[in-house]
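# Survey of secondary and tertiary structure
Chain by chain, the residues:
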Amino acid sequence: MNFFNFSVNKILRRDLSILDQARIRLLYYGLLLAAVGLCALFLSVYLQNLQVMTSTTTIALIAVLALFKYLTYKPHWHTISHLLLVIGTMVNMATVFVILQDVNIITIQLIILVIVFSFYMLGQNWGMFYSLLNLLPILIFMVMQYDHNYFIDFKPEKADESTTIIAVFANFILIIFIHSHFYSAFLKNIKQLKDNGEEQAALNIKFERAIEKAEKSSQVQSEFLSTMSHEIRTPLNAVIGMSNLLLMNNPRQDQGENLEILKFSANNLLAIVNDVLDFNKIESGKVVFEKIKFNLVDLMQNICGGQIIKAEEKGLLFKLDIDSTLRKKVIFGDPTRLTQIIFNLVSNAIKFTAQGNIWVRVTCLEDRHNNIIVSFSVKDTGIGIKKENLETIFEPFIQESITTTRQYGGTGLGLAIVKRLLELQAIQMYVSSNVGEGSEFSFNMEFPVSTEVIAQPKERIVIPEQQKQQQVQQPVVPEIEDLGSSLRVLIAEDNPVNVMLMKKLFSKWKIVPTIAENGERAVEIVQYGNFDIILMDLQMPVMNGFDASMEIRKMTDPAKSNIPIIALTASALFDIRDQVTNAGMNDYVAKPFKPDELMEKIQNLIATV
Ligand code: ADP
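A quick note: this is a predicted structure, and the numbers were derived from the prediction, not measured.

Here is what the cut-offs are and how they apply
- Residues numbered from 1 in each chain as written.
- Predicted model: local features only at pLDDT ≥ 70, side-chain atom pairs only at ≥ 80, totals over all residues.
- Heavy atoms only, no water.
- Helix = DSSP H or I, 4+ residues; strand = E, 2+ residues; numbered from the N terminus.
- Rg over C-alpha atoms; globule rule 2.2 N^0.38 Å.
- Buried < 20%, exposed > 50% of the residue type's maximum accessible area, 1.4 Å probe, protein only.
- Contact = heavy atoms within 4.5 Å.
- Phe/Tyr/Trp six-rings, centres within 6.5 Å; stacked < 30°, edge-to-face > 60°.
- Lys NZ or Arg CZ within 6 Å of the ring centre and 35° of its normal.
- Near = heavy atom within 4 Å.
- Polar contact = N/O pair within 3.5 Å; in protein donor to acceptor, adjacent residues only side chain to side chain.
- Pairing = 2+ DSSP bridges.
- Axes fitted to C-alpha atoms, helices over the stretch in contact; angles between N-to-C directions.
- Parallel < 35°, antiparallel > 145°, perpendicular 65-115°, else oblique.
- Nonpolar A, V, L, I, M, F, W, Y, C, P; charged D, E, K, R; others polar.
- Core = buried A, V, L, I, M, F, W, Y, C linked by side-chain atoms within 4.5 Å.
- pLDDT = per-residue confidence, 0-100.
- Expected span 1.5 Å × (residues − 1).
- Bend = angle between axes of the 7 residues up to and from the residue.

Once that is clear, we can look at the overall build of the chain. In terms of regular secondary structure, the chain is built from 17 helices and twelve strands. Its C-alpha atoms give the chain a radius of gyration of 45 Å, more than 25% over the compact-globule value 25 Å for 609 residues. The dimensions of the chain, computed from C-alpha atoms along their principal axes, are 135 × 55 × 55 Å. Within the chain, the fraction of its 609 residues that count as buried is 43%. Within the chain, counting contacts between residues at least 6 apart in sequence, those at least 24 apart form 73% of the total.

In structure tokens:
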């Protein structure tokens, strides 16, 4: 039965500290020892017919047994210790002042027991309290006995030899037991601390190794991604370039359609590769934000230009509202990254909306002369997002559901990139959405304002009809009547497919370019020949495009050192602009370039020379 279950293991919980376990064990065995001692004492005083002592011992024995039962029922060691100490103190007072009116060795032993017990069980404050409480009777007694020849009896006057021996012996055993018990708990505690320390040290070493490994693997992964992306981009460039060329050759309608699909898919794949590369770059903390001058209205028109056409093709109404106060302002910021953010949000809005409208709003929230706070919002009437997914959609590679992937495609990287780009500028993204009604993504951005003012702001935000045309039936090979076949072009490019592509493209403009298969060769050719423009691939064997450009810029003949150079880069990275300018090149186009973009750049540069 439970009532008679006096096991100590029942009350020793594993989650208790070593000291608390020691306290419970001490009470358990201490009470048992005390009970045994009291039994012996009881027998001794009973047999001698000492009535007062027999009743005192009986009461003490009953109290000890009751406390033992209480302890094994509920290990409230705190309360039990107090009760024991109160009983001990009372016994002390009673023997000194009432029963014996004397101080003997047993009284002294009892006081020592109380002192040791109270400190070990209840800590310093209570220990001090009970110690003083028990020492006071002796002190008072000694003061009262001031005039007498004072000496401490070895044995109580009213007890015989055997009673004294039992009491003294039992008390000493208790004192030794309490000390040895706590000393072993103390040693165990120290050992545990040491073991914990060693375990901690071993764990720390493990952690450090794991962190090192993780860092290394993330670096390897990032390098792998970057190499892979680059390797994938190169053949993709050729696919897109070739489709462009074939589309220029007036293909049959069915061929044209197939080519469009080919080009669309290749472009999609390129966008994914670029996203992966870009996300990788953001994650590895390599993004640096630019601070260059631009006009927000121009930028928004440029971003939304192509998107408006896409929206209209889907039958959606696209509204672009820009605060008129922003028209004259020249602000500082990173237009490339801002474009990336808005472009992603608007693309999503169009992608996830079947009917209704897309509303892009740019509002100036605060205008403090040298700095403005602008609110950007992209709202749609699309499929909406469930409340529980509003956070997860910003995680990389996460889409709302499998159906999203099947129905709309995509990688789930767009919003992750947007969020990270904003976070890096300490900007929070807000999203509100209702399933079936639509979504709104918004954020506020602060820009320093230049003192420059745009004299003649553009009248209205409309996309020129001609631009629409170009976007729809691309690609268009721009005409260059005034330059024609007289243009002397040097192309430094090592990849034979790209060389072929360039040759074909230039043949459309009736230009036969000179080809250099690496940077060193390009420098040599420039030394002996005359050119109007150089197209310089950046990654080439023997000498790369940067070094070759620097060599050319160092040439003594100004006609050669000033030849406009356009970098051709397969890297979609945004910090390429600085590197290109630092190497003395005038501009760059990212592969796969649109033929008209390249020609526009060539024409601009030649016109300025
Ligand atoms: P992706 O567009 O490539 O799927 P994103 O990171 O841009 O990846 O978006 C993640 C997910 O968030 C999308 O797959 C879609 O489920 C949800 N989402 C994003 N924008 C919208 C929107 N305007 N309307 C509804 N759902 C959206």
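Turning our attention to the packing of aromatic side chains. Inspection of every chain in the model, using the stated rule, returns 14 aromatic pairs. For the ring pair F129 and Y130, a centre distance of 5.1 Å and an interplane angle of 75° mean the geometry is edge-to-face. Positioned over the ring face of W359 is K319, at 4.7 Å from the centre of the ring. For the cation-ring pair, R361 lies above W359, with the distance from its terminal atom to the ring centre recorded as 4.2 Å.

On to the site of the ligand, then. Taken together, 21 residues are adjacent to the ligand, and N348, D380, Q399, G412 and L415 come closest. Between an oxygen atom of the ligand and a side-chain N or O atom of K351, the distance comes to 3.0 Å. Here a nitrogen atom of the ligand sits 3.4 Å away from a polar atom, N or O, in the side chain of S439. The set of elements that each furnish at least two residues to the shell around the ligand consists of α8 (335-351), α10 (414-424) and β7 (438-453).

Burial along strand β2 (residues 317-322) is one-sided: the residues F318, L320 and I322 are buried and none of L317, K319 and D321 is. Looking at chain direction, β2 and strand β4 (residues 357-367) are connected through six bridges and run parallel. Residue pairing for β4: L317 is matched across the bridge by N357.

This paragraph deals with the packing of helix α3 (residues 77-99) against helix α4 (residues 105-144). Between α3 and α4, the least distance of the axes is 10 Å, while the angle of their chain directions is 10°. Taken together, the axis directions place α3 and α4 in an arrangement best described as roughly parallel. In the contact of α3 with α4, the residues fall into 21 nonpolar, nine polar and no charged.

Counting 52 residues, the largest nonpolar core has L296, M300, F318, L338, F376, F443 and F447 as its most contacted members. Among the secondary structure elements, those contributing two or more residues to this core are α6 (253-283), α7 (296-313), β2, α8, β4, β5 (371-380), α10 and β7. It is α7 that contributes the most residues to this core, eight residues altogether. The residues touching F376, leaving out its near neighbours within four places in the chain, are L296, M300, L338, I342, R361, V362, F441, S442, F443, M445 and F447. Counting 36 residues, the second-largest nonpolar core is a separate cluster that includes L12, L71, L85 and M121.

Moving on, we get to the sheet that holds strand β9 (residues 514-516). Strands pair in a sheet through their backbones, by hydrogen bonds, and they do so in one of two ways: parallel or antiparallel. Pairing within the open sheet is parallel, and its five strands lie in the order β9-β8-β10-β11-β12. The sheet terminates laterally at β9 and β12 (587-590), the two strands that pair on one side only. When strand polarity is set aside, the average angle formed by the axes of neighbouring strands in this sheet is 20°. Bridge analysis of strand β8 (residues 489-492) against strand β10 (residues 533-537) gives four bridges, and the strand direction is parallel. The residue of β10 that forms the bridge with L490 is I534. Those strands touched by helix α12 (residues 496-508) are β8, β9, β10 and β11 (565-569), and its axis lies near 160° from that of β8. Seen against the sheet, helix α13 (residues 519-528) touches β8, β9 and β10 and runs at an angle of roughly 140° to β9.

Averaged over all residues, the pLDDT of the chain equals 83, while 91% of them reach at least 70. Contacts of residues 457-482 to residues separated by more than four positions or lying in other chains number 42 contacts, the stretch itself having pLDDT below 50.

Here we come to α7. Over its 18 residues, α7 extends 26 Å from the first C-alpha to the last, a length consistent with the 26 Å expected when each residue adds 1.5 Å. Helix geometry: α7 is bent most strongly at C304, by close to 35°. Buried within α7 are the following residues: L296, V297, L299, M300, Q301, I303, C304, G305, Q307, I308, I309 and A311. Measuring from the backbone nitrogen of V297 back to the side-chain oxygen at the start of α7 gives 3.0 Å, which picks out N295 as the cap.

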